[in-house]
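The primary structure of each chain is shown beneath.
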Amino acid sequence: DQITLGVAGRAAHLTVVGFAKQKIAGAMAYVAPVTYQKLTGQNEQYTNFRLVMQDHTPAAVAAVAKQIESALEQQHFYVTGHITEQQLRNEVDGHFTLLINVLLQVALLIALVGMFGLGSALASQVVQRTAEFGVMRSVGADSASIMRIIIMEGVFIALLSWPLALLVSVFLSK
């Protein structure tokens, strides 16, 4: 397949050799450095520089960035943007924080559904065992004793299902 791109004010006809699917970034064309040099007539174009400094304070980083920008512009290299390591870290942390919050909300929703399931199961057991509870009352059991039995059954089911769910989740997460 062929693709036509506008490069330096003229049409460039290139052969497509593959596709890179990116969900977040917009459409891009990647070319080899040799092809870029032929199309633009420019050698050794660098788009990224990494600078290591001893002083990491925001004021020092901003001052050095301004000096570098000024020096590059004097040589007719125009800086379109810069990002510090801390800014990049904050951006990445922000994305992870969003992901973690979404996962926590999903976990809470799953826990809520589980609690409703447990409540439904206990209510069903109580309805099915109405006659049994009547017999217990007739031989002297009070309401508090019957309530303790129902609560203990619920706690037993919850304590039994928790390790089982933990085992299944560890197995499925590998």
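The rules behind each value
- Residues numbered from 1 in each chain as written.
- Predicted model: local features only at pLDDT ≥ 70, side-chain atom pairs only at ≥ 80, totals over all residues.
- Heavy atoms only, no water.
- Pairing = 2+ DSSP bridges.
- Helix = DSSP H or I, 4+ residues; strand = E, 2+ residues; numbered from the N terminus.
- Patch = residues over 30% accessible without salt bridge, like charges linked within 9 Å, V, L, I, M, F, W, Y side chains within 5 Å.
- Areas by Shrake-Rupley, 256 points an atom, 1.4 Å probe, with all protein chains shown as cover.
- Salt bridge = Lys/Arg side-chain N within 4 Å of Asp/Glu carboxyl O.
- Buried < 20%, exposed > 50% of the residue type's maximum accessible area, 1.4 Å probe, protein only.
- Axes fitted to C-alpha atoms, helices over the stretch in contact; angles between N-to-C directions.
- Parallel < 35°, antiparallel > 145°, perpendicular 65-115°, else oblique.
- Left-handed = near helix turned anticlockwise from the far one by under 90°.
- Contact = heavy atoms within 4.5 Å.
- Nonpolar A, V, L, I, M, F, W, Y, C, P; charged D, E, K, R; others polar.

Undergrad: Help me understand the pairing of strand β2 (residues 10-15) in this model?
TA: Put simply, side chains in a regular strand alternate between the two faces of the sheet. In this sheet, β2 lies alongside strand β1 (residues 2-7) in antiparallel orientation, the contact comprising six bridges. Among the inter-strand pairings, Val 7 is bridged to a residue of β2, identified as Arg 10. Remark: two residues form the turn of the hairpin made by β1 and β2, two consecutive strands paired antiparallel; Ala 8 in that turn has positive phi of roughly 55°.

Undergrad: What am I meant to see in a nonpolar patch on the surface here?
TA: Among the surface-exposed residues, Ile 83, Leu 88, Val 92, Phe 96, Leu 99, Ile 100, Leu 103 and Leu 104 lie close enough to one another that they form a single nonpolar patch of about 760 Å² accessible area. With respect to the helices and strands, the residue Phe 96 is situated in helix α3 (residues 85-128).

Undergrad: For this particular structure, what's the right way to read the pattern of salt bridges?
TA: When the charged atoms of two side chains with opposite charge come close together, those side chains can pair. In the structure shown here, the tally under the stated rule is two salt bridges. For Glu 132, the salt bridge is made with Arg 129, and the minimal N-O distance between the two is 3.2 Å. Judged by its relative accessible area of 18%, Arg 129 is buried. Connected via shared salt-bridge partners are Arg 129, Glu 132 and Glu 153.

Undergrad: Hey, could you run me through the packing of α3 against helix α5 (residues 143-172) in this one?
TA: Helix-helix packing is characterised by the crossing angle of the two axes and by the distance between the axes. Their axes nearest at 11 Å, the elements α3 and α5 cross at an angle of 140°. When the axis of α3 is compared with that of α5, the two are oblique. Where α3 crosses over α5, the handedness of that crossing is right-handed. Of α5, the residues touching α3 (which contributes Leu 118, Leu 122, Gln 125 and Val 126) are Ile 150, Glu 153, Gly 154, Ile 157 and Ala 158. Of the residues belonging to the contact of α3 with α5, the class tally is six nonpolar, two polar and one charged.

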